[in-house]
Each structure stands twice: as structure tokens, then as C-alpha cells.
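For reference, the chains in residue letters:
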Amino acid sequence: MSKLIPDITKDKIAGGVYQNKLHDSGHKHVNGQAVYVDDIPEPHGMLHIYMGMSTVAHAKIKSMDLSEMRASEGVACVLTVEDIPGINDYSPVKGDDPIFAEGKVEFIGQPIFAVAADTIDLARAAAKKAVIEYEELPAILTIADAMEKGSYVSDPHVMARGDADGRIATAKHVIKNSVELGGQEQFYLEGMIAMSIPGEDDEVKVYSSTQHPSEVQHNVAKALAVPDHAVTIETRRLGGGFGGKESQPALMASVSALVAKATGRAAKLRLDRDDDMVMTGKRHDFHFEYEVGFNDDGLIEGVSMLHACRAGYSSDLTDAIADRAMFHCDNVYWLPNIKVESYRCKTNTVSNTAFRGFGGPQGVFLIERIIDEIAAKLDKDPLEVRQKNFYGVDDNNVTPYHMTVEDNVIHEIFEELEESSDYQKRRAEIREFNKHSKVLKKGIAMTPVKFGISFTTTFLNQAGALVHIYTDGSVKLNHGGIEMGQGLFTKVAQVVAEEFQIDIERVKITATDTSKVPNTSATAASSGSDMNGMAAQAAARTIKQRLTDFAATQFQASVEDVEWLPNRVRVGSEEIAFTDLVKQAYLNRISLSSTGYYATPKIHYDRENCKGRPFFYFSYGAAVTEVLVDTLTGENKITRVDILHDVGKSLNPTIDLGQVEGAYVQGAGWLTTEELWWDQTGRLRTHAPSTYKIPACSDRAEDMRISLWEKGKNAEETIYRSKAVGEPPLVLGISAFHAISDAIASVTDYEVYPALDAPATAERVLMAVDRTKKAAKS
Amino acid sequence: MGIHVSTKINGDDVEFVCDAEETLLDVLRDRLNLTGAKEGCATGDCGACSVTIDGRLTCSCLTLGAEVEGREIGTVEGVAKGNELHPIQQKILDNAALQCGVCTPGIVVAAKALLEKKPDPSEEEIRYWMAGNLCRCTGYDKIIRAIQDAAAEMRG
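Residues numbered from 1 in each chain as written. Chains lettered and ligands numbered in written order. Predicted model: local features only at pLDDT ≥ 70, side-chain atom pairs only at ≥ 80, totals over all residues. Heavy atoms only, no water.

Q: Mind showing me how you'd approach the overall build of chain A here?
A: Within chain A, the regular secondary structure consists of 19 helices and 29 strands. Against the compact-globule benchmark of 28 Å for 778 residues, chain A has a radius of gyration of 27 Å, which places it among compact chains. Based on the C-alpha atoms only, the size of chain A along its principal axes is roughly 90 × 75 × 50 Å. Burial statistics for chain A: of 778 residues in total, 65% are counted as buried. Sequence-distant contacts, at least 24 apart, represent 80% of the contacts inside chain A between residues at least 6 apart. With the model as given, the accessible surface of chain A reaches about 27,600 Å², and the carbon-plus-sulfur share is 49%. (Helix = DSSP H or I, 4+ residues; strand = E, 2+ residues; numbered from the N terminus. Rg over C-alpha atoms; globule rule 2.2 N^0.38 Å. Buried < 20%, exposed > 50% of the residue type's maximum accessible area, 1.4 Å probe, protein only. Contact = heavy atoms within 4.5 Å. Areas by Shrake-Rupley, 256 points an atom, 1.4 Å probe, with all protein chains shown as cover.)

Q: Got a minute to help me understand the domain arrangement of chain A in this structure?
A: Many analyses report the size of an interface as the accessible area lost when the parts associate. Residue and element names in this part refer to chain A. Each assigned domain of chain A is listed here: domain 1 (2-34 + 462-599), domain 2 (45-138 + 186-279) and domain 3 (410-455 + 617-778). Once you take the C-alpha centre of each, domain 2 and domain 3 turn out to be 38 Å apart. Taken together, the contact between domain 2 and domain 3 spans 9 residues of the former and 11 residues of the latter. Counting each side, the surface lost to burial between domain 2 and domain 3 is near 870 Å², with a carbon and sulfur contribution of 67%. Looking only at domain 2, the three residues that lose the most surface to domain 3 are Ile108, Phe187 and Met277, adding up to 55% of its buried area. Of the residues belonging to the side of domain 2 that touches domain 3, the class tally is 6 nonpolar, 1 polar and 2 charged. (Domains from an automatic or database assignment. Buried area = accessible area lost by both parts, 1.4 Å probe. Nonpolar A, V, L, I, M, F, W, Y, C, P; charged D, E, K, R; others polar.)

Q: Honestly, the pattern of salt bridges in this entry has me stumped. Any pointers?
A: Side chains bearing opposite charge may pair, as long as their charged atoms lie close to each other. One pass over the full model with this rule turns up 64 salt bridges over all chains. Asp38 of chain A is paired through a salt bridge with Arg29 of chain B; the nearest N and O atoms lie 3.1 Å apart. Here Asp38 of chain A is found in the loop between α1 (26-30) and β1 (47-53), whereas its partner Arg29 of chain B is found in helix α1 (residues 24-31) on a different chain. Note on Arg29 of chain B: relative accessible area 8%, which makes it buried. In this structure, the salt-bridge partner of Asp642 of chain A is Arg426 of chain A, at a minimum N-O distance of 3.4 Å. In this pair, Asp642 of chain A sits in strand β28 (residues 636-645) while Arg426 of chain A sits in helix α13 (residues 423-436), placing the two residues 216 residues apart along the sequence. The same class applies to Asp642 of chain A as to Arg426 of chain A, namely buried. (Salt bridge = Lys/Arg side-chain N within 4 Å of Asp/Glu carboxyl O.)

Q: When you look at the packing of aromatic side chains in this model, what are you seeing that I'm missing?
A: For any pair of aromatic rings, geometry is given as the distance between the ring centres together with the angle between the planes. Residues and elements named next belong to chain A. As enumerated under the stated definition, the model contains 16 aromatic pairs over all chains in all. Each ring, one from Tyr152 and one from Tyr343, has its centre 5.6 Å from the other, and the planes form 40°; the classification is tilted. Taken as a pair, Tyr152 in the loop between α4 (143-149) and β7 (157-161) and Tyr343 in strand β15 (residues 338-346) lie far apart in primary sequence, 191 residues in all. The exposure class assigned to Tyr152 is partly exposed, which follows from its relative accessible area of 26%. (Phe/Tyr/Trp six-rings, centres within 6.5 Å; stacked < 30°, edge-to-face > 60°.)

Q: I would appreciate a short explanation of helix α16 (residues 578-587) of chain A in the present structure.
A: Because an α-helix completes one turn every 3.6 residues, residues spaced three or four positions apart along the sequence face the same direction. All names here are of chain A. Looking only at α16, the buried set comprises Phe578, Thr579, Leu581, Val582 and Ala585. The arc that holds every buried residue of α16, seen down its axis, measures 160°, which confines them to one face. Where α16 is buried, its residues touch β17 (462-469), α14 (488-500), α15 (528-554), β21 (562-565), β22 (568-571) and β23 (574-577). Immediately downstream of α16, the backbone of Arg589 shows phi near 60°, a positive value. (Arc of directions from axis to C-beta.)

Q: Before we go on, may I ask you to explain the sheet that holds strand β29 (residues 703-708) of chain A in this structure?
A: The strands making up a sheet associate through hydrogen bonds between their backbones, and the pairing can be parallel or antiparallel. Residue and element names in this part refer to chain A. Pairing within the open sheet is mixed, and its 4 strands lie in the order β16-β27-β28-β29. Two strands bound the open sheet, and with one partner strand each, they are β16 (440-453) and β29. Across the sheet, the mean angle from the axis of one strand to that of its neighbour is 15°, orientation sign disregarded. In terms of strand pairing, β28 meets β29 through 6 bridges, oriented parallel. Considered in β29, the bridge of Val641 is made with Met704. Most of the contacts of α13 go to β16, to which it runs at about 145°, and overall it touches β16, β27 (617-630) and β28. Lying on the sheet, helix α18 (residues 734-745) is in contact with β16, β27 and β28; it crosses β16 at an angle near 150°. (Pairing = 2+ DSSP bridges. Axes fitted to C-alpha atoms, helices over the stretch in contact; angles between N-to-C directions.)

Q: Please explain the packing of helix α10 (residues 360-378) of chain A against helix α11 (residues 382-389) of chain A as it appears in this structure.
A: The description of two helices packed together rests on the angle between their axes and the distance between the axes. Residue and element names in this part refer to chain A. Where α10 meets α11, the axes come as close as 8 Å, and the angle between the chain directions of the two elements is 120°. Between α10 and α11, the angle falls in the class oblique. Crossing geometry of α10 relative to α11 is assigned as right-handed. For the pair α10 and α11, contact is made by Glu368, Ile371, Asp372, Ile374 and Ala375 and by Pro382, Val385, Arg386 and Asn389, respectively. Split into classes, the residues belonging to the contact of α10 with α11 amount to 5 nonpolar, 1 polar and 3 charged. (Parallel < 35°, antiparallel > 145°, perpendicular 65-115°, else oblique. Left-handed = near helix turned anticlockwise from the far one by under 90°.)

Q: Where do I start with a nonpolar patch on the surface in this structure?
A: Residue and element names in this part refer to chain A. A surface patch of nonpolar side chains, about 250 Å² in accessible area, is lined by Val439, Leu440 and Leu632. Along the chain, Leu632 falls in the loop between β27 and β28. The exposed category is assigned to Leu632, whose relative accessible area is 63%. (Patch = residues over 30% accessible without salt bridge, like charges linked within 9 Å, V, L, I, M, F, W, Y side chains within 5 Å.)

Q: Is there a simple way to think about the side chain of Thr718 of chain A in this case?
A: Residues and elements named next belong to chain A. Among the secondary structure elements, Thr718 is positioned in the loop between β29 and α18. Here the side chain of Thr718 touches Asn714 through a polar contact of 3.3 Å, side chain to side chain. The contacts of Thr718, once residues within four sequence positions are left out, are Asp530, Met534, Phe616 and Tyr617. (Polar contact = N/O pair within 3.5 Å; in protein donor to acceptor, adjacent residues only side chain to side chain.)

Q: I keep staring at the interface of chain A and chain B and nothing clicks. Help me out?
A: In this complex, chain A contributes 51 residues to the contact, which on the side of chain B involves 44 residues. For the pair chain A and chain B, the summed buried surface comes to about 4,000 Å²; carbon and sulfur atoms form 55% of the total. Taken together, the connections running from chain A to chain B amount to 8 salt bridges. Measuring nitrogen to oxygen at the nearest pair gives 2.7 Å for the salt bridge that ties Arg136 of chain B to Glu674 of chain A. Applying the counting criterion to the chain A and chain B interface returns 24 residue pairs in polar contact (both at pLDDT 80 or more). Per element, the largest residue contribution to the side of chain A that touches chain B is 8 residues, and it comes from helix α17 (residues 653-671) of chain A. Here the side of chain A that touches chain B is built from residues that sort into 19 nonpolar, 19 polar and 13 charged.

Q: Whenever I open this one, the nonpolar core confuses me. Can you help?
A: One recurring pattern in soluble globular proteins: nonpolar side chains tend to sit buried together. Counting residues in each nonpolar core, the largest one holds 149 residues, and the members touching the most others are Phe500, Leu547 and Tyr664 of chain A. The element best represented in this core is α15 of chain A, accounting for 11 residues. Apart from the residues within four sequence positions on either side, Tyr664 of chain A is in contact with Thr625, Ile638, Val641, Ile643, Met704, Pro729, Leu730, Leu732, Gly733, Ser735 and Ala736 of chain A. In terms of nonpolar packing, the next biggest core, distinct from the first, is built from 112 residues, Cys77 and Phe242 of chain A together with Leu134 and Ala150 of chain B among them. (Core = buried A, V, L, I, M, F, W, Y, C linked by side-chain atoms within 4.5 Å.)

Q: I'm lost on a negative patch on the surface in this one. Help?
A: Residue and element names in this part refer to chain B. On the surface, Asp12, Asp13, Glu15 and Glu69 cluster together into a negatively charged patch. Within the element layout of this structure, Asp13 appears in strand β2 (residues 12-18). With relative accessibility at 65%, the residue Asp13 sits in the exposed group. (Lys, Arg positive; Asp, Glu negative; His and termini not counted. Charge placed at Lys NZ, Arg CZ, Asp CG, Glu CD.)

Q: Can you walk me through the side chain of His479 of chain A in this structure?
A: Topologically, His479 of chain A is positioned in strand β18 (residues 475-479). A distance of 2.9 Å separates a polar side-chain atom of His479 of chain A from the backbone nitrogen of Gly481 of chain A.

Here it is as C-alpha cells:
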């Protein structure tokens, strides 16, 4: 009962902003009571769907005989492209992602048909009875192959400033090289899933594990040929998203809705792990080429970069991702003369998609590689070369896309971390250790990040929220953001609690639902709390203003005399409990419900001329990683990590620290153990955790020291001056990659640059050791 | 033809009928409405479906329902005693050692099994014992701290 009678005497509410409020569903998670889509009690007669997938990378479909499958035990429904009443497409942008293959297949794993049966086992058994004849066509499987054949999903894009080629030609030192960077599977622990319940007339309700309910809604409606208003998408929580559930859940939702409407029965489509990894997209892998001219101090005078990424068979979000890679080609460095060419390669592989960082980490990877190689060539500490090239605070601070960096704090962060991590002393000790250790070698590296915050597609930077106060003073909150473990619901509830000055327990957070808040953007680009927090604040402030006006009238005081205190309002010398004020307002016919809306200010971008301000602000951070490498086996481990990261004034330090830690480990995994491997026929061979290695508990560094930057405060007017945190710290995993490279370099006493490709698997490390040894001998 | 199985789950006598090829995970989730255990990979590599059988930590996705006749099964739903959380659950909350939560039930079951076997595990023993429970969100640091804290509290 205590929760129903708020304390109206205390000085501070429980769970306001800047407090370490724990995850809203934590209690349910530790008891196994939190409900994900697959945990919702299944409606009577629900069908289970299995997807028939292409077994070849590129072919015409000569014939399909599904008759035996249709007659198989328990089968209620079979769908192919012929059975789609609307449009056969679930793509986010370009209309090039067929729900079911039409006449041709373009990658192994492409859906061709769906079979729905009483159980998933019956559906699977039936699917095996499909007979499909292919006429195979030549397949393009690699970036190199696509580049040679000019196979792209969209036109190449160039960003240039100054005279890169001219300055490279006149520079004292020049490096020309290339590097490969692997992709990454999101490996959300809850796989793709959607469950649809048919409604009356043209209606359908879909429970979807998606970061983007509005887009799922549009795609389901489009496939069913019904208006958007007939389709409701509900999402309470995701078991991880990491970008993988931004565009492609529309496929699962569309198929389950098609089955539900075709049969009149509820229908669930849940991909198992292997099918999920084969059928859905990953982080884009890149091939990079670069030429850089620099002086004796390592100062970059001109740099030319080539980005070539693998889009897969369709565009998906590739253009925005490849653009973001270009936007991050500078990281924290002033590059007055630069040219970046970007190629978006079309291949006969799964369509790559969003993954935490959205191309940004790939862009940063290249410039960090270039700097590291410059330092090696000049025999300098890479840290020194990095600092030498930093953007200035007041000058030398314009990005290659002509946005002035107004909030540069990397100098301070770097200096603080260099000292707190004891970088210089440890680096000297490591070099000494390596002199005397023949097999085991240590390495250390410190890398920075500057990450642009906002969707670079400007119109996406809008959000909505809905707030109700009931007559007992309890509050219901809804917004367009998705809770996927990042603590968004908790943070937004903190904002609402703060606005009303009520304990957070009085605020109920509800499932994201397209019928409550419409036309939302994906919870992506790290923007969740920035945008939904502001929208919820706007909704709360509308009601708060009404209550303030009402209180002033009621107590015959001026609005200025109304003061909001914890769980109560003071009007002159009178105090009234929040619950009583609400009740009185209701009796006096004051509306206690409001929507709220936010559009990120200041941003604009002219893509054709590569000019504008695509980002509202930047997030910064830095990491020092130390590793131990066994040069006989290539095995390696991270032994110590120091991170200092800027999240502005943290809305919730506990949640933000968790984001920083998790992002770093995910970034380090991307560049070390996580290897996606396709065979020569285009078949993904690493499609389960048995072969695809995400970091495990045993990989956790023994010594992890993660801090939020205490001086942090957003220069822009964001929600309580906080900063976005989801993606930027993933980029800090790059320090692990360079630490491994540093350890390998010690084998030749730092004479030969290891020129490591990513991921730095044990095999790659071993090959680099052999290669550098041979190079040193010759 | 269904197979009749008598077992004990979280201390209660339970009977169910399952198919011969049905996994214990599917029995728990689909027949007994115990949805705390999750299917993360269905191949015994991720630990999201962790349960104990006669006290031994097991992947329920690799066990057949028919195999648990006469055994005692422990699932995440039985870890708390009523409203009172087990120390490992409380310390996971205190350390904010969870994010999306799908691995959390498995982590709770695995950590509890560890502490029952070894009340004072070293940091390294924790890391290797928990290596079969994948978490994609946290980075494990807080999970390890939570287990250390729970171990300390349980030792008194």
C-alpha cells in the first residue's frame, strides 16, 4: 500500500533524473517473468510458420512443386508470392526486398515460401517436401568481385574537401595500403519473431520483436493491401536488437500477418538461431584503400580513402550506413585535404543492415588504422600522432562535410585517461617485458571516438509521446521508443517523474504501440532517450501547465507562486498533494492527458554537395586496452581496459555505465573473435554460436576500469543536458585491435608494421606473426 | 503416442505427457507455462535455457522431456522463495548486471548452481563456469561482480 500513498514530506522524489534508478523490468528478469513475444500465451489454434529458403546464391526458379508439401500432415496454409494481396516487398527504403522470391533467387537463405502448420515440427517436415528446380546463374560473392564487375546497389558517392591528391604528392612521407574489415552478426539473444492475431474486417494485430514498429506497420499494411490504420504493432521489449531489428523484422511480421489473415487463425513466425543468422543481415564488411601524405611529426597533410562495403543482394539501409561511414572518416582528426570515395557493392549474399554504430565504427576504423601506420613508420607512439592530428577546439575544427565541431572535449578526455590509466609507464613496462619474453607478447593502445548524434536522414529526427494522469494521481506513459535492454523506458520514466515531481513508482511504462503513438522513427542512432525523453517531457509539461494554471486559479494566486515539490504542489503558503490536485482538476474539468512531440533542432544536410549540419552534437570517449598474445598459437586475450566516456550529464549513471561496458565488449568482439565466413558457393558457414564466437564470460578482461566523464555536460539543449550513449562506446573496441597489432609488432622489435586485417582471430594473428618475421629477415 | 512423465519441478510434483522427441525446454515452455528458460540457440551453446536436473546444471534444449522421469528439476521460477529474492537475484539487480534480460534466467540458474557447488569461487572460476552462458548486452563485468557479491553474502 505504501506505493499508493506518496510521501508528501520529503525533499527529493525517488527515481528522478541523474539518479541510479535500476532497469524497470529487472525484478521480472531475474525471476524469468518478463514477457517476450515468444512467452505470450499462444491463442487457441495458433499456427506455426516455417520459411522455405533458397539453397543457391543466384538462380532463376525454373519450377516449384509444392503439392506434396500442401498435403503434408498438419499443414493449414502455404504462401508464395502468388498469395500476397498487396505488394511483395518489405524493404525500408527502395522497394527491393521481396517477401517471397519472384522468379529468381539472389542469396542463400532468401525466403521463397512459407508453410504454416499446427506445430513447428510439422511445418518443418512439410517444407522438406517442396521441390524447387533452379537454373543457376553466375554469383557475385565478394566485394572484390563486385568492384571488378561494377555491381552496386546505388551510385558511388564522393565527399571531398581541399586538395587531397595534390597534398599527398608534395608530402614528405606517403603510405599507400589497403585493409579488410569483417562484418558482424548482431546475435540478439532473442531471435527474430512475430505473432499475428487476425481481427475483424481488415484488422490485424502483430506482436513484433522490432526496433521500428511504425515501419513494420507500413510494410504489413502494404503486403495485405489494407490501410495503415488496420494494422497495430505492439512491442513491449526486445531480447536485444543492436540494429538487427530495425528494418528486417518487417519480413517476419508481414509473413505472420499474411498467414493470419489467410487462415483466420493466429500465426507465429520465429526463426531459430541458424535460420536467423542465414536469413537476416549483419554489419557491413568493408574493403578499404588509402593513401596518406604526412610530415615528420605525423601531421596528416592529405588523405585519400576508398570505402567499398558489401550491401548484399539489396539496398536495405546501406546508403545511410555507407554515408555514416563517410561522416566518421575523420573521427576526431582535422583533415583539411581529404577525399573519400564510397562504393556500395551488390553481391549475392544476405542484405546487410544496421548494427550498433551504423557504419560509423567502420569509418573510424580506417582513420585509426592510418594513424597507427603513420606512427609505426615514424617510430612514434601512436598516441602522440593522434593528439597531433586532433581537431582544435576553436580552430581547425571543420569536418569534411563542413560542419563546425563546436563541442570538442577530446583533448581533455585523452589527457585525463592517459594519466588515470598510467599509459606511459605501462607502455614502457610492456616494451621491457617483450624484450625478455620470447613467446608471450604484450601490447597496448589508446584510441578515441567522436560520434555524430542524429539520424543523418533529417526527417527521422522526430518523436512522439502520450501521457495520461488518472484521477488517483498515477501516470501512464507511452512513447515511440523501444526497450531493448538499454534502459530507455527507465530513463524516459525518470524524465516524467522529474517533470511532475512524483516518485517514479507512480509512473507506469507501457508497451510501444502504433495505435498510441503513431508515425515514429526507429529506436536507433543512439537517439532513443534524446528524442523520446524530450517528447515525453513536452507531454508532461503540457499537463503540468494546465495543473499550474488550475492551482493558481483555485488558490487565487499567480502562476509564479505555484511551486512543484516532491509529490505535492505549494501555492503561496498552501501545500496540496499531487494526487489531491489531480483529483480537484478532474472535478473542475481539466484535461489530464496530453501528447508530446519533439523534432531535433538545428540539423540539415545537403547530400549532393556534402554540406551541412547532419548532427545535433557529438559524443566523445577514449579507451586504453592492454592485451597478451601467444605468438606460437595466435591466441590472445584482453587483460586490462580503461575507459573514459562522455555521456553529458548522465540521466542514469548505472545504466550508462552498462551501455559503455557492453558496447566496448561488443566492439572488441567484432574486431577479434567474431568471424563471419562464407564458403565458395555463398553459404554462410558460421551460423550458430558453435562456430560464430561472440565474447563469453571467460573473455572478460580481469581488470576493467570504466568511468563516465565527470565534467560531461551537453553543449546543446538535450534532455537534461545528457548525451546519447548506445553506439559511441562500441567504437572504443578499436583499441583492442591496435593493442594486438602492437603486441605482434614487438616480434620484429617494432620494425615491421603487422598490417593486420580485422577481425584479428587467432589464425590472423598467427599469420601476421609469420608474415612480419619473414619481412624482417628479408 | 505421448509419454507420461512424473517429475518434480521446483519442489512440486509435476506430471506431464510429451512426445518422444520433445525437449525439456519445449515441455517447460509450451506445456507447463514456465517460460523463464529461453531458446537462444537450441544447440547447447548459449545457456539461455539453463536448468538443473538433480542439482546438476544442464541445457534443457539438449535434454528430452522423457528423460526427466523421477528427476528433480530446478528452473529460474523456483529460485526466489515467494517474494524473497535469492542473493544472486538481488545482487544482479544491485549491480545492474542485466540489460535485455533474455540471458538473465540462465545466468541466475547457472550462478546458483556454481555457488552451491563452490561457495567461494575465485574470479577465474566464475569466469570459466559462466562461459557457457552468453550475454550480448552487458560485457559480463557486472555479472561477475554480482556473483562475487552473492557468494560473499551467502558465506555470511
